[in-house]
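Each chain is listed here by its residues.
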Amino acid sequence: MKLVMSIVHGDDAGRLVDALTGAGFRATTISTTGGFLRQGNATIFVGTEDAMVPQVLKLIRDNCRTRTQYVNPLPPVMEPGEMYLPTPVDVQVGGATVFVLDVVEFEHV
Ligand code: 2BA
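We now turn to the structure provided with this report.

Cut-offs used in this document
The residue numbers shown here count from 1 along each chain, following its written sequence. Under the rules for a predicted model, residues below a pLDDT of 70 receive no local features and side-chain atom pairs below 80 are neither given nor counted, while totals for whole chains, interfaces and linings still include all residues. Excluded from the side-chain calculation are hydrogens and water; included are all heavy atoms of the structure. Secondary structure is summarised from DSSP: a helix means a run of H or I of at least four residues, a strand means a run of E of at least two, and numbering begins at the N terminus for each. Three exposure classes are used, based on accessible area relative to the maximum for each residue type with a 1.4 Å probe and protein chains only: buried under 20%, partly exposed in between, and exposed over 50%. Only heavy atoms enter the contact rule, under which two residues are in contact if any of them lie within 4.5 Å. For two strands to be treated as a pair, DSSP must find no fewer than two bridges joining them. Comment: axis = line fitted to C-alpha atoms, over the contacting stretch for helices; angle = value between 0 and 180 degrees taken between N-to-C directions. Neighbouring residues are identified by heavy atoms, a residue being near a molecule or strand if any of them is within 4 Å of it. Nitrogen and oxygen atoms within 3.5 Å of one another constitute a polar contact, given that in protein one can donate a hydrogen and the other can accept it, and given that sequence-neighbouring residues count only through two side-chain atoms. Surface accessibility in these figures is a Shrake-Rupley result with a 1.4 Å probe; residues are shielded only by whichever protein chains are displayed. When residues are grouped by polarity, Ala, Val, Leu, Ile, Met, Phe, Trp, Tyr, Cys and Pro land in nonpolar, Asp, Glu, Lys and Arg in charged, and all others, Gly among them, in polar.

## Brief notes about the environment of Tyr-70
- You can see Tyr-70 is positioned in strand β4 (residues 67-71).
- In this structure Tyr-70 comes out as exposed when scored by relative accessible area, which is 60%.
- Through-space distance from the C-alpha of Tyr-70 to that of Thr-87 is 9.5 Å; in sequence the pair is 17 residues apart.
- Non-local contacts of Tyr-70, meaning those with residues more than four positions away in its chain, are made with Pro-88, Val-89 and Asp-90.

## Notes on the pairing of strand β3 (residues 40-48)
- With eight bridges connecting them, strand β1 (residues 2-9) and β3 associate as antiparallel partners. Each residue of the ladder has a partner; that of Ser-6, found in β3, is Ile-44.
- Judged from the six bridges that link them, strand β2 (residues 28-33) and β3 form a sheet pairing that is antiparallel. Directly across from Ile-30, in β3, lies its bridge partner Thr-43.

## Describing the sheet that holds strand β6 (residues 96-102)
- Strands sit in the order β2-β3-β1-β6 across an open sheet of four strands; the sheet is antiparallel. Strand pairing shows two members of the sheet lacking a second neighbour, β2 and β6, which therefore form its edges. Mean inter-strand twist for the sheet, computed between neighbouring axes without regard to direction, equals 20 degrees.

## Remarks on unusual backbone geometry
- Here Gly-94 and Gly-95 are connected by a cis peptide whose omega angle stands at -15 degrees.
- With respect to the helices and strands, the residue Gly-95 is situated in the loop between β5 (89-93) and β6.
- One non-glycine residue, Arg-38, lies in the positive phi region at around 55 degrees.
- Mapped onto the fold, Arg-38 is located in the loop between β2 and β3.
- Judged by relative accessible area, which is 65%, Arg-38 ranks as exposed.

## Concerning the site of the ligand
- Inspection of the region around the ligand gives Ile-7, Gly-34, Gly-35, Phe-36, Leu-37, Asn-41, Val-91, Gln-92, Val-93, Gly-94, Thr-97 and Phe-99 as its neighbouring residues.
- Backbone polar atom of Gly-35 to an oxygen atom of the ligand: 3.2 Å apart, as the coordinates give it.
- At a separation of 2.7 Å, an oxygen atom of the ligand approaches a polar backbone atom of Gly-94.
- Considering the ligand on its own, with 750 Å² of exposed area, one finds that the protein chains cover 51% of that surface.
- At the level of secondary structure, the elements contributing two or more residues to the shell around the ligand comprise β5 and β6.
- The biggest single contributor to the shell around the ligand is β5, with three residues.
- Among the residues making up the shell around the ligand, the classes are represented as six nonpolar, six polar and no charged.

In structure tokens, the structure reads:
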């Protein structure tokens, strides 16, 4: 058995969970925050048999799209009288960051 842990954009999470549950998978969503952008995202856990992992990955691919987000870099150390005009830089986020973990034991009691 595997645990598929996918970190996805919040706007994709609902559609992905609908697709997963519609295909008969069980899923759990938690609200998470990316360490770099410090913006909300969603982490979705799916426990499933090894043979079903490719189908889960396909649903993730089909329902999560890549986005460009703009970030203001941290300002440099300034001398008095200097002015800093921040130039936003673009960062590609997603479709999804996916980890597939081996499950040592699963119990549903
Ligand atoms: P964040 O950490 O907020 O990262 C958002 C996006 O910023 C990343 O998109 C990547 O394009 C960029 N980024 C992250 N760290 C960077 C750095 N040190 N330098 C330059 N650019 C950087 P994704 O790679 O698609 O990641 C989306 C979210 O997935 C991340 O949000 C984080 O929450 C999670 N994630 C990605 N890789 C991970 C990992 N190895 N372990 C745990 N979580 C991860």
